[in-house]
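Here is what each chain is made of, one letter per residue.
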Amino acid sequence: MDDVMTTIDQAAIAASLQEAKAGLSTARVEEILAKAGELKGLSAAEVAVLMEISDPELLAALFATARDIKDTIYGRRLVIFAPLYVSNLCANECVYCAFRARNAALARRALRHDEISAEVEALVAEGHKRVLLVAGEAYPREGFDFILDAIAAVYAVRRGSDAIRRVNVNVAPLDTEQFTRLKGAGIGTYQLFQETYHPEVYAQVHLAGRKRDYAWRLAAMDRAMAAGIDDVGIGVLFGLADWRFEILAMMQHIAHLERRWGVGPHTISVPRLEPANGSDLATHPPHAVDDIDFRKIVAILRLAVPYTGIIMSTRETPHIRRETFALGVSQISAGSRTNPGGYSSGEDEGQFSLGDHRSLDEVIADVASLGYVPSFCTACYRMGRTGQDFMDMAKPGAIKAHCDPNALVTFLEYLLDHASQTTRDVGEGLITRVLADSDPAIAARVGAMLEQVRAGKRDVLC
Ligand code: SAM
Ligand code: SF4
């Protein structure tokens, strides 16, 4: 069996980085970019070469390739979600996080069922359809059932025909039995960031609690897959260790999942360390990633794993978010609060500082004016298109026949039910332009779906 602990091979990473430095040339980069354009992904050695690029012309070529790939696979769609923090109780001591156990300055709170309902009502009223449920690693009296009850509470909220249609989850690593129960609760993606793949750095920044166990965390996705959760999301917290090491280690993790389970991660998140209440390290990241390298990271991931979604959170400023949409980002959070109860109370004292404080409506108007179609679609997982089935459709491009119409239909639902007049005007203009640019047969099919929405029908999906 392919053991995940032997997967992160530091010596191989060091060798790839050395070879890449020696092997960097315009011809080699052009060859790798041409291969990436075939949408079959890249090897770790090829990724290592791209990470060495600093010449402005080669960098421009890398970004142009990333834009082309994003355009071919994802078109103009950007999937929208909101995080839902249900608890900030935590027994771990991650030195970068405001929720860490020894941060006495933080008021602790685990939401009750009725408080979760109030949060979800606020999110649904704004127009959200998809949430990422987040919690610290310490549950109230009911233990892990707290998370299962929280998921049930989210799905139970109805506001007319509106509801949250997909709950993704970002909670501490579980055992296989708990993962089985999590799947039973009807989650979309299980998300977990390794934070850093570097074992020594990992030990330095995780000082107490279960999270000290690097191996338990690294093997979490194998346990999730074993329990039948085939949409998993991975990530690195950039700023803790050298980003080049992290990307190559992540490539090894992805290769392991593909070998062992036949499918890699559904999404990759790229959080950068942000200042957090009670954390010096978060304010002074030991390996801070600057904006140019950050854009490189997104572009290289787009080339390396073209069919894996890339998630950009509101940690980043509107400016960086806009720049990275073009380079490969496919999912964004919007209107986020990172404190339990933040949506119903309006308070904003969360897990870390946000870079984008705009409301959902403002973000939607902005991305639509840039020509992106905000998608509130949740069809794939509800129709069983997950894991390998999803990739089998995504790779020959068949998924686009679903995603493009579903994005427009759910966007129109948002515009009619939730948008301000300004946003509605921007959005209607975009829909008209997209239909005009589409193949006439597709435009006719989508036009008929949009008419159903205008006539009052909701959840019209294909
Ligand atoms: N407690 C669980 C865990 O640690 O996996 C799940 C949720 S934790 C609240 C979500 C993520 O927030 C962490 O995985 C970490 O990457 C990120 N995070 C923590 N502190 C941060 C900071 N100062 N800046 C940016 N992201 C941070
Ligand atoms: Fe707790 Fe997660 Fe924050 Fe670590 S990152 S202190 S585990 S909430």
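This is a predicted model, so every value here is computed, not measured.

So, on to the pattern of salt bridges. A full pass over the atoms with the stated rule returns 29 salt bridges. With a closest N to O distance of 2.8 Å, R458 and D417 form a salt bridge. A residue pair is termed long-range when its members are at least 10 positions apart, and R458 in the segment after α21 (440-454) and D417 in helix α19 (residues 400-417) qualify at 41 residues. Judged by its relative accessible area of 33%, D417 is partly exposed.

Within the fold, M225 resides in helix α10 (residues 220-226). Expressed as a C-alpha distance, the spacing of M225 and I320, which sit 95 residues apart in the sequence, is 33 Å. When near neighbours in sequence (up to four residues on either side) are disregarded, M225 contacts D230, V232, W261, V263 and G264.

The next thing to look at is the pairing of strand β1 (residues 77-87). The buried fraction of β1 is high, at 11 of 11 residues. Pairing analysis gives 3 bridges linking β1 to strand β8 (residues 331-333), with the strands arranged parallel. What sits directly across from F81, in β8, is S333. Pairing analysis gives 5 bridges linking β1 to strand β2 (residues 130-135), with the strands arranged parallel. Residue pairing for β2: L84 is matched across the bridge by L133.

Moving on to the site of ligand 1. Around ligand 1 there are 21 residues in total, and E195, K211, R217, E274 and R315 lie nearest to it. The contact in question runs from a nitrogen atom of ligand 1 to an N or O atom on the backbone of A135, over 3.1 Å. Here an oxygen atom of ligand 1 sits 2.7 Å away from a polar atom, N or O, in the side chain of R217. Burial of ligand 1 by the protein amounts to 97% of the accessible area it has alone, namely 560 Å². Across the shell around ligand 1, the residue classes break down as 12 nonpolar, 3 polar and 6 charged.

Here we come to the site of ligand 2. Around ligand 2, the surrounding shell consists of C90, N92, C94, C97, F99, R100, G136, K211 and Q351. Residue composition of the shell around ligand 2, grouped by class: 4 nonpolar, 3 polar and 2 charged.

The next point concerns the side chain of S333. Counting through the fold element by element, S333 comes out in strand β8. The contact partners of S333, leaving out residues within four places of it in the chain, are F81, P83, M312, S313, T314 and R321.

Another point: the pairing of strand β5 (residues 232-235). Residues V232 and I234 of β5 are buried on one face, and the alternating residues G233 and G235, pointing to the opposite face, are buried as well. Bridging between strand β4 (residues 190-191) and β5 involves 2 bridges; their strand directions are parallel. Its bridge partner being in β5, Q191 is matched across the sheet by G233. One ladder, built from 3 bridges, connects β5 with strand β6 (residues 267-269); its direction is parallel.

Let us now look at the side chain of T410. The residue T410 is located in helix α19 in this model. A residue is classified by how much of its surface remains accessible, and T410, at 3% relative accessible area, is buried. Those residues in contact with T410 that lie beyond four places of it in its chain are R165, S375, F376, C377 and L461.

Looking now at the domain arrangement of the protein chain. Quoted interface sizes are often the accessible area lost when the parts come together. According to the domain assignment, the protein chain contains domain 1 (72-391) and domain 2 (397-454). On a C-alpha basis, the centres of domain 1 and domain 2 stand 27 Å from each other. Opposite the 28 residues of domain 1 that make contact, domain 2 presents 21 residues. Across the domain 1 to domain 2 interface the summed buried area is about 2,000 Å²; carbon plus sulfur atoms make up 59%. Counting across the interface, domain 1 meets domain 2 through 3 salt bridges. For E413, the salt bridge identified is with R165, shortest N-O distance 3.3 Å. Inspection of the region where domain 1 meets domain 2 yields 10 residue pairs in polar contact (both at pLDDT 80 or more). Breaking the side of domain 1 that touches domain 2 down by element, the ones donating at least two residues are α4 (56-74), α5 (113-126), α16 (360-369), β9 (373-375) and α17 (379-382). Per element, the largest residue contribution to the side of domain 1 that touches domain 2 is 6 residues, and it comes from α16.

For soluble globular proteins, the rule of thumb is that nonpolar side chains tend to be buried together. Core analysis: the biggest nonpolar cluster contains 131 residues, and L50, L62, L133, L182, Y190 and Y197 have the highest contact counts within it. Ranked by the residues each element gives to this core, the list is headed by helix α11 (residues 243-261), at 9 residues. Shared between two domains, this core takes at least three residues from each, and those domains are domain 1 (72-391) and domain 2 (397-454). Each residue touching L182, except ones within four places of it in the same chain, is listed here: F144, I147, L148, I151, V169, L174, I187, Y190 and I229. In terms of nonpolar packing, the next biggest core, distinct from the first, is built from 23 residues, C94, C97, L132 and A241 among them.

What follows deals with unusual backbone geometry. The general pattern is negative phi for most residues beyond glycine and trans for most peptide bonds. Look at L39: it is not a glycine, yet its phi comes out positive at around 65°. With respect to the helices and strands, the residue L39 is situated in the loop between α2 (26-36) and α3 (44-51). Although it is not a glycine, E195 adopts a positive phi angle of roughly 70°. Of note, E195 is situated in the loop between β4 and α8 (199-205).

Attention shifts here to the environment of F179. Relative to the helices and strands, F179 resides in helix α7 (residues 176-184). Placed 151 residues apart in sequence, F179 and S330 show a C-alpha to C-alpha distance of 26 Å. Among all residues touching F179, those that are not within four sequence positions of it are L174, Y190, A220, R223, A224, A227 and I229.

With that settled, the discussion passes to the packing of α3 against α11. At their nearest, the axes of α3 and α11 sit 10 Å apart, and the two run at 160° to each other. The angle between α3 and α11 falls in the class roughly antiparallel. In the crossing of α3 with α11, the sense of the turn from one axis to the other is right-handed. From α3, A44, V47, A48 and M51 reach across to α11, where they touch W243, R244, I247, L248 and M251. Taken together, the residues that form the contact of α3 with α11 break down as 8 nonpolar, no polar and 1 charged.

Cut-offs and rules
Residues numbered from 1 in each chain as written. Chains lettered and ligands numbered in written order. Predicted model: local features only at pLDDT ≥ 70, side-chain atom pairs only at ≥ 80, totals over all residues. Heavy atoms only, no water. Salt bridge = Lys/Arg side-chain N within 4 Å of Asp/Glu carboxyl O. Helix = DSSP H or I, 4+ residues; strand = E, 2+ residues; numbered from the N terminus. Buried < 20%, exposed > 50% of the residue type's maximum accessible area, 1.4 Å probe, protein only. Contact = heavy atoms within 4.5 Å. Pairing = 2+ DSSP bridges. Near = heavy atom within 4 Å. Polar contact = N/O pair within 3.5 Å; in protein donor to acceptor, adjacent residues only side chain to side chain. Areas by Shrake-Rupley, 256 points an atom, 1.4 Å probe, with all protein chains shown as cover. Nonpolar A, V, L, I, M, F, W, Y, C, P; charged D, E, K, R; others polar. Domains from an automatic or database assignment. Buried area = accessible area lost by both parts, 1.4 Å probe. Core = buried A, V, L, I, M, F, W, Y, C linked by side-chain atoms within 4.5 Å. Axes fitted to C-alpha atoms, helices over the stretch in contact; angles between N-to-C directions. Parallel < 35°, antiparallel > 145°, perpendicular 65-115°, else oblique. Left-handed = near helix turned anticlockwise from the far one by under 90°.

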